[in-house]
Amino acid sequence: MTFFAFLGALSVSVLAFELLSAFQSAFSTFGNNRLMNLQPSRPIQKRSTWEALLIALWPGRFDPDQAVNMADVVSMLRQAGYPYDSPGEFYAVAMRDFTIFLTVGGLLAGAIASMNMPVAAPVIALIFIFLGLRRPYVRLKTLAKKRAEGLRNNMLIGLSVLGSLLSSGVGVQEALRRASAVGGPFCNLLGLLVARMEVEDFTKAIEVTRAHLPDPADVEANLFLRDIHDFFANNRPLLSSVQGLQESVHRSVVEITEARAALVRQRAGLFGVMAVMGLVLAIIAPFMGAGMF
């Protein structure tokens, strides 16, 4: 009981400090609004007391300057298409998600403990804490998966445009630049590749582009980057490679579409059978009840 009383007192103190800080900030802004118009000031991002407490207690998880998984976070941000402007914004969202799950888990654990089930309360709290820690990373993986699906579909369009430009005699770099104007995940990667090749070596530009693939194990995308490298390094013809890769991507898209259609038909058939069974049970249920009485 002493521990819970301490936590309650700490929570009330933090809440009171946050309210006073908010009122002080509001009054300061109201009183100094004329001074703000004299010269532009750089906005200062302030952390709440709870965020500062989380960073102090767990810097390896929530502090961008000391996070142990910073490399993994940067890699996932690249694969997901930068849904956050910076790793710092990602960790701020991670703290907010963790706070929400921690609050919900604490409330549920307290409710379960009040129902004379103290053994299940810590389990519920730990489950919500784990979910709160994993949710931001799961969100990035989900975004990367959706981007990988969009890249495959957009790759077919981008390769078609690129093959048409190359067959008409347009240079490779210019064809890449024009194809990138189509838009989409794959065409945006073409734009990134062209932009990086203008400021650094093509080998480094290809590696940077490969790091932004939503699925590092994507066979077609890696084959395309390898063909680009072979063209610039060994002067290998690119048009035949693009045409062959276009046919491969087309077959892959058709197979994925057919697999989804088969899954939809399977589920539709299952739902139809269940609907018929429910209709039959609804028809015979009154007679079964009458026979029992």
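Everything quoted here is computed from the prediction, not taken from an experiment.

S.K.: How should the packing of helix α7 (residues 120–167) against helix α9 (residues 185–197) be read in this particular structure?
M.R.: What describes two packed helices is the angle between their axes and the distance between those same axes. Two elements in contact, α7 and α9, have axes whose closest approach is 6 Å; the angle formed by their N-to-C orientations is 75°. If you check the angle between α7 and α9, you find them roughly perpendicular. Contact residues: α7 offers R147, G150, L151, N154, M155, G158 and L159, while α9 offers P185, F186, C187 and L189. Residues belonging to the contact of α7 with α9 are distributed by class as follows: seven nonpolar, three polar and one charged.

S.K.: What is the right way to read the environment of L193 from this model?
M.R.: Along the chain, L193 falls in helix α9. For L193, a relative accessible area of 1% translates into the label buried. Taking the C-alpha atoms as reference, L193 lies 6.4 Å from I206; in sequence the two are 13 residues apart.

S.K.: Just checking my understanding: could you explain the side chain of N154 for this structure?
M.R.: Structurally, N154 is set in helix α7. For N154, a relative accessible area of 9% corresponds to the buried category. Beyond its immediate sequence surroundings of up to four residues, N154 is in contact with G183, G184, P185, F186 and C187.

S.K.: How should the side chain of R61 be read in this particular structure?
M.R.: In this fold, R61 is placed in helix α4 (residues 59–62). For R61, which is buried and forms no salt bridge, the nearest opposite charge comes from D72, at a distance of 9.1 Å. At a separation of 3.1 Å, a polar atom in the side chain of R61 contacts the main-chain carbonyl oxygen of L133. The contact partners of R61, leaving out residues within four places of it in the chain, are Y91, L133 and Y137.

S.K.: How should the pattern of salt bridges be read in this particular structure?
M.R.: Pairing of side chains with opposite charge becomes possible as their charged atoms draw close. According to the stated counting rule, one finds 10 salt bridges in the structure shown. Two residues, E220 and R152, come together in a salt bridge whose shortest N-O distance is 3.3 Å. Taken together, the residues E220 in helix α11 (residues 219–234) and R152 in helix α7 connect sequence positions 68 residues apart. Of the residues examined, R152 reaches a relative accessible area of 18% and is grouped as buried. Taking the shortest distance from any N to any O, the salt bridge between E174 and R177 comes out at 2.8 Å. Pair noted here: E174 and R177 are both in helix α8 (residues 172–180), with a separation of three residues, about one helical turn. E174 gets classed as partly exposed once you look at its relative accessible area, which sits at 32%.

S.K.: How do you make sense of helix α10 (residues 202–211) when you look at a structure like this?
M.R.: Since one α-helical turn is 3.6 residues long, residues separated by three or four positions face the same way. Within α10, the full set of buried residues consists of A205, I206, V208 and T209. Along the axis of α10, the buried residues cluster in a sector spanning 160°; they form a single face. Looking at the buried residues of α10, the elements they touch are α9 and α11. Sitting at the head of α10, D201 places a side-chain oxygen 3.0 Å from the backbone nitrogen of T203.

S.K.: Teacher, can you tell me more about the environment of A125 here?
M.R.: When you line up the elements, A125 lands in helix α7. The spatial distance from the C-alpha of A125 to the C-alpha of G106 is 5.9 Å, given a sequence separation of 19 residues. Leave out the neighbours within four places in its chain, and A125 touches G105 and A109.

Cut-offs used in this document
Residues numbered from 1 in each chain as written. Predicted model: local features only at pLDDT ≥ 70, side-chain atom pairs only at ≥ 80, totals over all residues. Heavy atoms only, no water. Axes fitted to C-alpha atoms, helices over the stretch in contact; angles between N-to-C directions. Helix = DSSP H or I, 4+ residues; strand = E, 2+ residues; numbered from the N terminus. Parallel < 35°, antiparallel > 145°, perpendicular 65-115°, else oblique. Contact = heavy atoms within 4.5 Å. Nonpolar A, V, L, I, M, F, W, Y, C, P; charged D, E, K, R; others polar. Buried < 20%, exposed > 50% of the residue type's maximum accessible area, 1.4 Å probe, protein only. Lys, Arg positive; Asp, Glu negative; His and termini not counted. Salt bridge = Lys/Arg side-chain N within 4 Å of Asp/Glu carboxyl O. Polar contact = N/O pair within 3.5 Å; in protein donor to acceptor, adjacent residues only side chain to side chain. Arc of directions from axis to C-beta.

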